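Read off the chains here:
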Amino acid sequence: MSAVEKRSVTIRGHRTSYSLEKPFYDDLVAIAATRKLTLAALVAEVDETRPRDTNLSSALRLHVLEWAKRGTSSLS
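All residue numbers refer to position in the chain's written sequence, counted from 1. This being a predicted model, a pLDDT of at least 70 is required before a residue's local features are given, and a value of 80 or more before pairs of side-chain atoms are given or counted; all residues contribute to the totals for chains, interfaces and linings. Excluded from the side-chain calculation are hydrogens and water; included are all heavy atoms of the structure.

Asks: Please clarify how the environment of Ser57 should be interpreted in this entry.
Replies: Think of it this way: any DSSP run of H or I at least four residues long counts as a helix, any run of E at least two long counts as a strand, and we number them from the N terminus. Its place among the elements puts Ser57 in helix α3 (residues 56-70). When checking whether two residues touch, look at their non-hydrogen atoms; a contact exists if any pair is within 4.5 Å. If we skip the residues at most four places from it in the chain, Ser57 touches Tyr18, Ser19 and Leu20.

See the structure below:
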């Protein structure tokens, strides 16, 4: 199992962090590239649409999972 890595990002002018395993992070980067977004823009989008009772890390994992289930990407 891949170790969880903590990463920081600035969203709407404030710094926040999230923790993801490398495979989730790699897929998130690939999704951002496919959608021609910066990683920070994608994280901000997920942050804006997540339920308030869901933490950002979980919301990012669920976003990657939903993207993969739709089959709309060429994630490795």
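Read on, since the account is not over.
Asks: What exactly am I supposed to notice about the nonpolar core here?
Replies: The nonpolar side chains of a soluble globular protein tend to be buried with one another. Ile11, Tyr18, Leu28, Leu42, Val43, Leu56 and Leu60 are the most contacted members of the largest nonpolar core, which totals 17 residues. Of all the secondary-structure elements, those providing two or more residues to this core are β1 (4-11), β2 (14-21), α1 (22-34), α2 (39-49) and α3. Top contributing element to this core by residue count: α3, with five residues. Residue contacts for Leu28: discarding those within four places in its chain leaves Leu20, Leu39, Leu42, Val43, Leu60, His63 and Val64. What we call a nonpolar core is a set of buried Ala, Val, Leu, Ile, Met, Phe, Trp, Tyr and Cys residues that are connected through their side-chain atoms within 4.5 Å. Exposure categories follow from relative accessible area, calculated using a 1.4 Å probe and restricted to protein chains: below 20% of the type maximum is buried, above 50% is exposed, and the middle band is partly exposed.

Asks: It is not clear to me how the packing of α1 against α2 should be interpreted in this structure. Could you clarify?
Replies: Helices that pack against each other are described as a pair by the angle of their axes relative to one another and the distance between those axes. Running from N to C, α1 and α2 cross one another at 100 degrees; their axes reach a closest spacing of 9 Å. Here α1 is positioned roughly perpendicular relative to α2, judged by the angle of their axes. Contacts from Tyr25, Leu28, Val29, Ile31 and Ala32 of α1 reach α2 at Leu39, Leu42 and Val43. Gly is placed with the polar residues, together with every amino acid not listed as nonpolar (Ala, Val, Leu, Ile, Met, Phe, Trp, Tyr, Cys and Pro) or charged (Asp, Glu, Lys and Arg). Taken together, the residues of the contact of α1 with α2 sort by class into eight nonpolar, no polar and no charged. Inter-axis angles, ranging from 0 to 180 degrees, are taken between N-to-C directions of lines fitted to C-alpha atoms, where helices are fitted over the stretch in contact. Roughly parallel means an angle under 35 degrees; roughly antiparallel, over 145; roughly perpendicular, 65 to 115; everything else is oblique.

Asks: What exactly am I supposed to notice about the packing of aromatic side chains here?
Replies: For any pair of aromatic rings, the description rests on two quantities: the centre-to-centre distance and the angle between the ring planes. Put simply, two rings from Phe, Tyr or Trp (the six-membered ring, in Trp's case) pair if the centres are within 6.5 Å, and we call them stacked under 30 degrees between planes, edge-to-face over 60, tilted for the rest. All told, the structure shown has zero aromatic pairs when counted by the stated rule. Here the guanidinium or amino end of Arg7 rests over the ring plane of Tyr25, the centre of that ring lying 3.4 Å away. We note Arg61 situated over the ring of Phe24; from NZ or CZ to the ring centre the distance is 6.0 Å. Working rule: Lys NZ or Arg CZ, within 6 Å of ring centre, within 35 degrees of ring normal, means a charge sits over the ring.

Asks: How should the UniProt feature "domain: Ribbon-helix-helix" (unreviewed entry) in the protein chain be read in this particular structure?
Replies: UniProt positions are given in the numbering used here, feature names are shortened, and annotations may be inferred rather than shown by experiment. Taking the UniProt record as the reference, the feature "domain: Ribbon-helix-helix" (unreviewed entry) is found at residues 5-67. The distance separating the terminal C-alpha atoms of residues 5-67 is 21 Å; by composition the span is 57% helix and 24% strand.

Asks: Could you clarify how one ought to interpret the pattern of salt bridges in this entry?
Replies: A side chain with one charge may pair with a side chain of the opposite charge, provided their charged atoms come close. Put simply, a salt bridge is a Lys or Arg side-chain nitrogen that is within 4 Å of an Asp or Glu carboxyl oxygen. Taken as a whole and assessed by the stated rule, the structure comprises seven salt bridges. With a shortest N-O distance of 2.6 Å, Asp47 and Arg12 are connected by a salt bridge. Of the two residues, Asp47 sits in helix α2 while Arg12 sits in the loop between β1 and β2, which places them 35 residues apart along the sequence. What makes Asp47 buried here is its relative accessible area of 6%. Taking the relative accessible area as the measure of exposure, Arg12 reaches 51% and is therefore exposed. In this structure, Arg35 engages Glu45 in a salt bridge whose closest nitrogen and oxygen atoms are separated by 2.7 Å. Here Arg35 is found in the loop between α1 and α2, whereas its partner Glu45 is found in helix α2, with ten residues between them in sequence. According to the relative accessible area criterion, Arg35 is partly exposed, its value standing at 31%. Exposure remark for Glu45: the relative accessible area of 29% places this residue in the partly exposed category.

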